[in-house]
Amino acid sequence: MKLLALLSLLALMLAQEARTASLPKTERETEGDQPHGEGDSYAVLQLGDYVLSLDDYDQVIDLSNYDELTDYREQLPKVKGTSLASPTRTSFTQSTRAPRTSPSNPTMARPTAGLLVSLTSHGLPTCLICVCLGSSVYCDDADLENVPPLPQTTAYLYARFNRTSHIRAGDFKGLTKLKRIDLSSNFISSIDDDALLLLPALQDLILPENKLAALPVLPTGIEVLDIRLNQLQSSGIQPEAFRALEKLQFLYLADNLLDSIPRSLPLSLRSLHLQNNMIETMQRDTFCDAERPKHMRRQLEDIRLDGNPINLNLFPSAYFCLPRLPTGRFT
């Protein structure tokens, strides 16, 4: 009986082995991946009739032959060609720098899209030396000796703290939208008569801390004129210089060399600063029209004559049309 049972068991094992051998490869792999128990799933790996124990793992992979492993770096393609340039500073400079000007035309470069290419005295486009934001151009403290060429759309120019000494007739040519010019703290000693005359939109002319001794012809639409801290003399102001400025509201001429109050001041004037000059006297009709005693200049509320040798108490008839007395010495 025992022999019969043993033979039956052997026959079943041979049949099972035969059936396994006849199955496709995928089914055999699936069948071989089935778990063999929770406790010994990693202790023994059964691959068909081959039993691999973890104790024999060192016999499968011989680490002593590690030097024989393939070095895949040798299979990388080799790059042939010249050395590459730095991709940071050089590429950025080449992409933004405007083309050089030709010797035949040293002041203008060939136009390119999106960048003002008019050259400054440094030989560089204006918007690389200055900051161009919309219709405003900021050229403060840029060591400029002249007014730089400006975009046609410029409405506000700030070129303070430079070394500009002269305003030429063509510096603002064609800038019909220019509303404000601020050239404070330069060395400007002269301005061509035609430099500002053809600026129909100009409202504010700011020129304090320069060396001007005379005023140029001014556009009629100007509203603010600031010439403080210059060397302006009364002889440098034409007798009718302000009569045509019907929109002028603020006139600042303090800290100059004036010996008289400018005549023919427009009725639109609201503030007149003449402090710290050399004014000793004034005319009766400087502010008021003696032939029109009932006429009042209600807008002219701020007149400063302090810091001058004039005694305002000696000219009482000169203020009858004003809403308030000037600031200055009355003794």
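Just so you know, these numbers come straight off a predicted model, no measurement behind them.

Looking at this structure, how should I read the overall build of the protein?
A count of helices and strands for the protein gives six helices and 13 strands. For the protein, the exposed surface amounts to about 21,800 Å²; the carbon and sulfur share of it is 54%.

Where do I start with the nonpolar core in this structure?
Soluble globular proteins tend to pack their nonpolar side chains together in the buried interior. The biggest cluster of nonpolar side chains holds 56 residues, and the ones touching the most others in it are Phe172, Met282 and Phe287. Aside from chain neighbours lying at most four places away, what touches Phe172 is Val147, Leu150, Leu157, Ile167, Leu178, Ile181, Ala195, Leu196 and Leu199.

I would appreciate a short explanation of the packing of aromatic side chains in the present structure.
Aromatic ring pairs are defined here through the distance separating the ring centres and the angle between the ring planes. Applying the stated criterion across every chain, the model contains two aromatic pairs. Look at Tyr138 and Tyr158: their rings are 5.1 Å apart centre to centre, the planes differ by 5 degrees, and that puts the pair in the stacked class. Placement of the pair is Tyr138 in strand E4 (residues 136–138) and Tyr158 in strand E5 (residues 156–158), with a sequence separation of 20 residues. Among the residues examined, Tyr138 registers a relative accessible area of 33% and is labelled partly exposed. Taking the centre distance of 6.3 Å and the plane angle of 35 degrees together, the rings of Phe250 and Tyr252 count as tilted. Residue Phe250 is classed as partly exposed on the basis of its relative accessible area of 25%.

Help me understand the environment of Leu197 in this model?
Within the secondary structure, Leu197 is located in helix H6 (residues 194–197). Along the chain, Leu197 and Ala169 lie 28 residues apart, while their C-alpha atoms are 9.2 Å from each other. Those residues in contact with Leu197 that sit more than four places away from it in its chain are Val217, Leu218 and Pro219.

Help me understand unusual backbone geometry, please; the structure alone is not making it clear to me.
Positive phi is not limited to glycine here, since Phe161 has a value of about 60 degrees. If you trace the backbone, Phe161 turns up in the loop between E5 and strand E6 (166–167). Take Phe161: its relative accessible area is 49%, and that puts it in the partly exposed class. One non-glycine residue, Glu209, adopts positive backbone phi at about 60 degrees. Within the element layout of this structure, Glu209 appears in the loop between strand E9 (204–206) and strand E10 (224–226).

Could you clarify how one ought to interpret the sheet that holds strand E7 (residues 180–182) in this entry?
Working definition: the strands of a sheet are paired by backbone hydrogen bonds and lie parallel or antiparallel to each other. Read from one edge to the other, the open sheet built from nine strands follows the order E3-E4-E5-E7-E9-E10-E11-E12-E13, with strand pairing classed as mixed. Looking along the sheet, the strands with just one partner apiece sit at the ends: strand E3 (131–133) and strand E13 (302–304). Averaged over all adjacent pairs, the angle separating strand axes in this sheet is 5 degrees, with direction ignored. Pairing between E3 and E4: three bridges, direction antiparallel. By the bridge assignment for E4, Leu133 is matched with Ser136.

Help me out: how do you make sense of the environment of Ile206 in this one?
Inspection of the secondary structure assignment puts Ile206 in strand E9. Measuring from C-alpha to C-alpha, the distance between Ile206 and Arg160 comes to 9.8 Å, with 46 residues separating the pair along the chain. Those residues in contact with Ile206 that sit more than four places away from it in its chain are Arg180, Ile181, Asp182, Leu183, Ser184, Val224 and Asp226.

I keep staring at the state of the cysteines and nothing clicks. Help me out?
By definition, a disulfide links two cysteine residues through a covalent bond between their sulfur atoms. For the structure on display, the rule yields three disulfides. Here Cys130 pairs with Cys139 through a disulfide, and the sulfurs are 2.0 Å apart. Taking the sign of the S-S torsion, about 110 degrees here, the bridge from Cys130 to Cys139 comes out right-handed. Each bonded cysteine in the protein gets a number by its place in the sequence, and the pairs come out as 1-3, 2-4, 5-6.

Honestly, the side chain of Asn186 in this entry has me stumped. Any pointers?
The topology assignment puts Asn186 in the loop between E7 and strand E8 (190–191). Classification of Asn186 as buried rests on a relative accessible area of 5%. A distance of 3.2 Å separates the side chain of Asn186 from the backbone nitrogen of Thr164, its partner in a polar contact. With residues near it in sequence (within four places) discarded, Asn186 still touches Ala159, Arg160, Phe161, Asn162, Arg163, Thr164, Glu209 and Asn210.

Before we go on, may I ask you to explain the pattern of salt bridges in this structure?
Opposite charge on two side chains makes pairing possible when the charged atoms of those side chains draw close. Scanning the model with the defined rule gives ten salt bridges in all. We note a salt bridge from Asp143 to Arg163, for which the minimum N-O separation is 2.5 Å. Of this pair, Asp143 sits in the loop between E4 and E5 while Arg163 sits in the loop between E5 and E6, and the two are 20 residues apart along the sequence. By relative accessible area, Asp143 is classed as partly exposed at 38%. We classify Arg163 as partly exposed; its relative accessible area is 37%. A salt bridge links Arg263 to Asp285; the nearest nitrogen and oxygen atoms lie 3.1 Å apart. Of this pair, Arg263 sits in the loop between strand E11 (250–252) and strand E12 (271–273) while Asp285 sits in the loop between E12 and E13, placing them 22 residues apart in sequence. Each of Asp140, Arg160 and Asp182 takes part in one network of salt bridges that share partners.

Rules and cut-offs
Residues numbered from 1 in each chain as written. Predicted model: local features only at pLDDT ≥ 70, side-chain atom pairs only at ≥ 80, totals over all residues. Heavy atoms only, no water. Helix = DSSP H or I, 4+ residues; strand = E, 2+ residues; numbered from the N terminus. Areas by Shrake-Rupley, 256 points an atom, 1.4 Å probe, with all protein chains shown as cover. Core = buried A, V, L, I, M, F, W, Y, C linked by side-chain atoms within 4.5 Å. Buried < 20%, exposed > 50% of the residue type's maximum accessible area, 1.4 Å probe, protein only. Contact = heavy atoms within 4.5 Å. Phe/Tyr/Trp six-rings, centres within 6.5 Å; stacked < 30°, edge-to-face > 60°. Pairing = 2+ DSSP bridges. Axes fitted to C-alpha atoms, helices over the stretch in contact; angles between N-to-C directions. Disulfide = S-S within 2.5 Å. Polar contact = N/O pair within 3.5 Å; in protein donor to acceptor, adjacent residues only side chain to side chain. Salt bridge = Lys/Arg side-chain N within 4 Å of Asp/Glu carboxyl O.

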